[in-house]
Amino acid sequence: MRIAVTGSIATDHLLTFPGRFAEQLLKEQLERVSLSFLADALEVRRGGVGANICFGLGLLGLEPALVGAAGADFAEYDAWLRSHGVDTSAVRVSESLHTARFVCTTDEDQNQIATFYAGAMAEARRIDLSALRNRPDLVLVGADDPEAMLRHTAGAHRLGIPVAADPSQQLARLDRDQARQLVDGARWLFTNAYEQALLVERTGWSRADLLRRVGTWITTLGADGVALTGEGAPALRVPAVPAERIADPTGAGDAFRSGFLAGTAWGWPQEQAARLGCALATTVLEAIGTQEYELTPAELTARMERAYGPDAARIAEPRLAGLA
């Protein structure tokens, strides 16, 4: 299966605040918030949801196509992605704008406050899926310039290519019609628990309405794992893979998507694909940065065996062994 991932390409500035945001927020002053958090650590890393998901897919041997826009400062990042199995031929490089920036502060409870600067990402709307060098078998439409997300969704449907809808951070920017267009007809719909509720509010559709319009709704639940729901069926719960330590939560959701999509491409049942996604997410949790981890086949298989038993490891081992 050839997978195209549309989404942001960015540089992440990750800061650590040695306290709790909740202790700084005064309920009676929430309409006039003016706060400054003194961070005690800063990491500058490669990021962007499109690039993060492609990086994970590349490590798993899928050779994904990254579809997005970056700035003239993209050359080093481009070489990095290509060296990790990502096809960047569809990336549009802006002549005047910088690559997008993601600035995120994390407190000691792993809560996050972030700001995203679009920069060159605004030019992603000029990319036409029909012009891709190789026709994909699946298009994941991730957080990106909103017009680009709408264009890519409509383009994939017009071309008859299955869509995985992953609006995530951009839900806050979408109106009702836009939110409906992005998810209606998706084979897979990805959200986290908060985005699940926000999507219901944004679309004006109930959960039942949404489930009638998508194939499988996949909701990541952090330490509680993931829930997979289809119309008329109870949610399938897959527990998380326990982490030995949490270094940085940024990018764990993107890694889950990489693992899930890889398992799907290999023809695994959705539960097994979600298990691989959870194992990959935990690997990222234990590293600082979204693309600073390495995949060791033996360790990844061992993680799955410890969390899900020998049968899960047995199914995964032939595929993962090929990554060595």
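Described in the following lines is the structure provided in the data block. This one's a predicted model, so the numbers in the text were calculated from it and none came from an experiment. (Residues numbered from 1 in each chain as written. Predicted model: local features only at pLDDT ≥ 70, side-chain atom pairs only at ≥ 80, totals over all residues. Heavy atoms only, no water.)

On to the layout of surface pockets, then. Counted as a void, the second largest pocket has a volume near 180 Å³. For the second largest pocket, the lining is made up of 16 residues, of which Leu-15, Thr-16, Thr-106, Ala-247 and Asp-248 are closest to its centre. Every element with two or more residues in the lining of the second largest pocket is listed here: β2 (10-16) and β3 (41-47). Split into classes, the residues belonging to the lining of the second largest pocket amount to nine nonpolar, three polar and four charged. (1 Å grid on protein atoms, 1.4 Å probe; cavity = no way out; pocket = protein on both sides within 12 Å on 5 of 7 lines; lining within 4 Å. Points joined across faces, edges and corners; volume = space filled by probe spheres on them. Helix = DSSP H or I, 4+ residues; strand = E, 2+ residues; numbered from the N terminus. Nonpolar A, V, L, I, M, F, W, Y, C, P; charged D, E, K, R; others polar.)

Across all of its chains, the model carries 22 salt bridges by this definition. In this structure, Arg-92 and Glu-123 form a salt bridge, with 2.9 Å as the shortest nitrogen-oxygen distance. Residue Arg-92 is located in strand β6 (residues 92-93), and its partner Glu-123 is located in the loop between β8 (112-117) and β9 (138-141); the two are separated by 31 residues in the primary sequence. Residue Arg-92 is classed as partly exposed on the basis of its relative accessible area of 29%. A residue is classified by how much of its surface remains accessible, and Glu-123, at 10% relative accessible area, is buried. Here the residues in one salt-bridge network are Arg-20, Glu-23, Glu-108 and Asp-109, joined through shared partners. (Salt bridge = Lys/Arg side-chain N within 4 Å of Asp/Glu carboxyl O. Buried < 20%, exposed > 50% of the residue type's maximum accessible area, 1.4 Å probe, protein only.)

In this model, Gln-110 sits at a positive phi of 70°, which is unusual for a non-glycine residue. For Gln-110, the location among the structural elements is in the loop between β7 (100-106) and β8. Positive phi, normally seen in glycine, also occurs at Ser-168, with a value near 35°. In this fold, Ser-168 is placed in the loop between β10 (163-165) and α4 (176-183).

Turning to the sheet that holds β3, a few remarks are in order. With respect to topology, four strands assemble into an open sheet ordered β3-β2-β7-β8, the strand pairing being mixed. In this open sheet, the two strands that pair with only one neighbour each are β3 and β8. This sheet shows a mean twist of 15° between the axes of neighbouring strands, independent of strand direction. (Pairing = 2+ DSSP bridges. Axes fitted to C-alpha atoms, helices over the stretch in contact; angles between N-to-C directions.)

Bringing the nonpolar core into the picture now. Of all hydrophobic cores here, the largest spans 54 residues; its most connected members are Leu-60, Phe-190, Phe-256, Phe-260 and Leu-261. Considering each element in turn, this core owes the most residues, nine residues, to helix α8 (residues 270-285). When sequence neighbours within four positions are dropped, the list of residues in contact with Phe-260 reads Trp-188, Phe-190, Ile-218, Leu-228, Gln-270, Ala-273, Ala-274 and Gly-277. If you look at the next biggest cluster of nonpolar residues, it comprises 29 residues, including Val-67, Leu-150, Ala-165 and Leu-210. (Core = buried A, V, L, I, M, F, W, Y, C linked by side-chain atoms within 4.5 Å. Contact = heavy atoms within 4.5 Å.)

Here β2 pairs with β3 via seven bridges, running antiparallel. Within β3, the residue paired with Leu-15 across the bridge is Leu-42. Of the pairings in the sheet, the one linking β2 to β7 comprises seven bridges and is parallel in character. Counterpart to Thr-11 in the pairing with β7 is Arg-101.

Now for the side chain of Asp-144. Along the chain, Asp-144 falls in the loop between β9 and α3 (146-159). Of the side chains with opposite charge, Arg-125 comes closest to the buried, unpaired Asp-144, at an N-O distance of 8.5 Å. In this structure, Asp-144 is in contact with Thr-6, Gly-7, Ser-8, Val-67, Met-121, Ala-124, Met-149 and Gln-170, ignoring residues within four places of it in sequence. (Lys, Arg positive; Asp, Glu negative; His and termini not counted.)

Of all the residues in helix α5 (residues 193-203), the buried ones are Glu-195, Leu-198, Leu-199 and Thr-203. The arc that holds every buried residue of α5, seen down its axis, measures 120°, which confines them to one face. The exposed set on the far side of α5, more than 90 degrees from its buried face, consists of Tyr-194 and Ala-197. Close packing links the buried residues of α5 with α4, β11 (188-192), α6 (207-213) and β12 (216-220). Residue Asn-192 occupies the N-cap position of α5, its side-chain oxygen lying 3.1 Å from the main-chain nitrogen of Tyr-194. (Arc of directions from axis to C-beta. Polar contact = N/O pair within 3.5 Å; in protein donor to acceptor, adjacent residues only side chain to side chain.)

One open sheet accounts for eight strands, arranged β4-β1-β9-β10-β11-β12-β13-β14; its pairing is mixed. With one partner strand each, in any of the chains shown, β4 (65-67) and β14 (236-238) form the two edges of the open sheet. Along the sheet, successive strands turn relative to each other by an average axial angle of 20°, direction set aside. Across three bridges, the pairing between strand β1 (residues 3-6) and β4 is parallel. In the strand pairing of β4, Val-5 is matched with Leu-66.

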